[in-house]
Amino acid sequence: MRLTILGCQGPYPEAGGACSAYLVEAGGKRVLMEAGSGCLARLGGMMALEALDAVVLSHLHFDHMGEMPLLGYALQGCGKRLPVYLPDQPGPVYGLLAGFGCFQCQPVKPGSTARLGALMMRFLPARHPVPAVGVMLEADGKRLCYTGDTNQFPGMEEVYRGADLLMIDGGLAAGAWSEDKPHLSAALAAKVAMEAEPQRALLTHFAPGMRAALLQEAQAVYPQMQGAEALGSYEL
């Protein structure tokens, strides 16, 4: 299983950057997990867009799916029909994507599962202002877990326990975090990762200019925490 970071910023990209988007290659399949601003140009430099086997969207905020209509234009031109696993709310955004004939929209919620050949997909709880899921991808004896955008929720550490790689939202500095925010702080993300005991943990969802500061906060709690790196590739 291989993870390639196409973009790891939010809620908007810095100059030359890209919002949340991750290419997962596992079980003989290529899955685009999230499709934030700036990702398609990077993905197109690695592979033909029509070679994707599926898209997974954790939620329907635009920094996570803003390039889906553009992907739709690309696929319409080649006649490809692509499975897209996503929450079905907010309704207007879901309806926009479902209106593209090239997208086979498959609504998911926490507890849902889906299989794509040898790749097993499990959809996990998340706590965000719109319906959202975390994602667990399993293939070839490896497990990649991704929290999507979330604040803390009861039992979070157990949900993600034992991942080969845990990619976790730590989009807020400690001073900006509160219980009603839509994201974990970097320090809280590090605490969750430390208690979940993954083989490797990646902090993601950096506001422009904040990567170094957020990673420093996380590593003060959990020194093994790494920061997602644009165009970085990780083998599981």
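See the structure printed just above.
Residues numbered from 1 in each chain as written. Predicted model: local features only at pLDDT ≥ 70, side-chain atom pairs only at ≥ 80, totals over all residues. Heavy atoms only, no water.

**As for the pairing of strand E9 (residues 134–139)**
- Burial runs high along E9: 6 of the 6 residues are buried.
- Of the two faces of E9, the one carrying Gly134, Met136 and Glu138 and the one carrying Val135, Leu137 and Ala139 are both buried.
- In this structure, strand E8 (residues 119–124) lies alongside E9, joined through 5 bridges in antiparallel fashion. By the bridge assignment, methionine 120 is partnered in E9 with glutamate 138.
- Connecting E9 to the next strand, strand E10 (residues 142–146), in antiparallel fashion are 2 residues, including aspartate 140 with a positive phi near 55 degrees. (Buried < 20%, exposed > 50% of the residue type's maximum accessible area, 1.4 Å probe, protein only. Helix = DSSP H or I, 4+ residues; strand = E, 2+ residues; numbered from the N terminus. Pairing = 2+ DSSP bridges.)

**Focus: the side chain of glutamine 9**
- Here glutamine 9 is to be found in the loop between strand E1 (2–7) and strand E2 (21–26).
- Excluding residues within four positions of it along the chain, glutamine 9 makes contact with Glu14, Gly17, Ala18, Cys19, Ser20 and Phe206. (Contact = heavy atoms within 4.5 Å.)

**Looking at the sheet that holds strand E6 (residues 103–107)**
- One open sheet accounts for 7 strands, arranged E6-E5-E4-E3-E2-E1-E14; its pairing is mixed. The open sheet has two edge strands, E6 and strand E14 (233–235), and neither has a second partner. If you compare each strand with its neighbour and ignore which way they point, the axes differ by 20 degrees on average.
- With 5 bridges connecting them, E1 and E2 associate as antiparallel partners. Residue glycine 7 lies in a different strand from E2, and its bridge partner there is alanine 21. (Axes fitted to C-alpha atoms, helices over the stretch in contact; angles between N-to-C directions.)

**Considering the nonpolar core**
- Judged by nonpolar contacts, the single largest core of 56 residues is most densely connected at Leu3, Met33 and Met225.
- Among the elements that line this core, the one with the most residues is helix H6 (residues 186–196), at 7 residues.
- Excluding its chain neighbours within four sequence positions, the residues that come into contact with methionine 225 are Ile168, Ala189, Ala190, Ala193, Ala201, Leu202, Leu203, Leu215, Ala218 and Gln219. (Core = buried A, V, L, I, M, F, W, Y, C linked by side-chain atoms within 4.5 Å.)

**Concerning the environment of lysine 181**
- Topologically, lysine 181 is positioned in the loop between strand E11 (165–169) and H6.
- Ignoring sequence-local partners within four residues, the contact set of lysine 181 consists of Asn151, Leu172 and Ala176.

**Considerations on the layout of surface pockets**
- Empty space within the largest pocket amounts to approximately 160 Å³.
- Split by residue class, the lining of the largest pocket holds 6 nonpolar, 5 polar and 4 charged. (1 Å grid on protein atoms, 1.4 Å probe; cavity = no way out; pocket = protein on both sides within 12 Å on 5 of 7 lines; lining within 4 Å. Points joined across faces, edges and corners; volume = space filled by probe spheres on them. Nonpolar A, V, L, I, M, F, W, Y, C, P; charged D, E, K, R; others polar.)

**Brief notes about helix H4 (residues 91–98)**
- Of the positions making up H4, those classed as buried are Val93, Tyr94 and Leu97. Looking down the long axis of H4, one finds its buried residues gathered within 100 degrees of arc, a one-sided arrangement.
- Buried positions along H4 lie against helix H2 (62–65), helix H3 (68–76), strand E5 (82–86) and E6. (Arc of directions from axis to C-beta.)

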